[in-house]
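So you can see what is in the structure, the chains are spelled out below.
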Amino acid sequence: MEKTLAAEAGVAGCTFHDLKAKGISDYAGTAAEKQLFSGHKTLGQVAVYDRKTQITPTLDVE
């Protein structure tokens, strides 16, 4: 049933864990705050789901 609903929503291949990671990654709080709202017992567990990447600015050299 889960796969059928995902396909109907146009997000085939997306799992609950992907959605959980998206929510944790998009949250702008600290790792401790992410741990609190996600219910993880350790910061290591939060780190698995926190997929936010740091964007490093570059020089615009032509």
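Above: the structure in question.
Being a predicted model, the structure only gives us computed values, none of them experimental. (Residues numbered from 1 in each chain as written. Predicted model: local features only at pLDDT ≥ 70, side-chain atom pairs only at ≥ 80, totals over all residues. Heavy atoms only, no water.)

A.B. asks: Could you clarify how one ought to interpret the environment of His-40 in this entry?
C.D. replies: Among the secondary structure elements, His-40 is positioned in the loop between α3 (31-38) and α4 (43-49). A residue is classified by how much of its surface remains accessible, and His-40, at 11% relative accessible area, is buried. The spatial distance from the C-alpha of His-40 to the C-alpha of Asp-60 is 41 Å, given a sequence separation of 20 residues. Not counting chain neighbours up to four residues away, the residues in contact with His-40 comprise Lys-20, Ile-24, Gln-35, Gln-45, Val-46 and Tyr-49. (Helix = DSSP H or I, 4+ residues; strand = E, 2+ residues; numbered from the N terminus. Buried < 20%, exposed > 50% of the residue type's maximum accessible area, 1.4 Å probe, protein only. Contact = heavy atoms within 4.5 Å.)

A.B. asks: Can you walk me through the pattern of salt bridges in this structure?
C.D. replies: Two side chains carrying opposite charge are able to pair once their charged atoms lie near each other. Tallying each qualifying case throughout the model produces three salt bridges. For Asp-18, the salt bridge goes to Arg-51, with nearest N and O atoms at 3.6 Å. Of this pair, Asp-18 sits in helix α2 (residues 16-26) while Arg-51 sits in the segment after α4, placing them 33 residues apart in sequence. Classification of Asp-18 by relative accessible area gives partly exposed; the value is 28%. Arg-51 gets classed as partly exposed once you look at its relative accessible area, which sits at 47%. (Salt bridge = Lys/Arg side-chain N within 4 Å of Asp/Glu carboxyl O.)

A.B. asks: Just to check I follow, could you spell out α3 for this structure?
C.D. replies: For an α-helix, the turn length of 3.6 residues means that residues three or four places apart are oriented alike. Looking at α3, one finds that the buried residues are Lys-34, Gln-35 and Ser-38. One face of α3 carries all of its buried residues, which in axial projection span an arc of 105°. Along its buried surface, α3 packs onto α2 and α4. (Arc of directions from axis to C-beta.)

A.B. asks: What is the right way to look at the packing of aromatic side chains in this model?
C.D. replies: The relative placement of two aromatic rings is captured by the distance of their centres and the angle of their planes. Taken as a whole, this structure holds one aromatic pair when the rule is applied. With centroids separated by 4.7 Å and ring planes inclined at 55°, the aromatic side chains of Tyr-27 and Phe-37 adopt a geometry described as tilted. Taken together, the residues span a long stretch of sequence, with Tyr-27 in the loop between α2 and α3 and Phe-37 in helix α3 at a distance of ten residues. Here Phe-37 falls in the partly exposed class, since its relative accessible area comes to 43%. (Phe/Tyr/Trp six-rings, centres within 6.5 Å; stacked < 30°, edge-to-face > 60°.)

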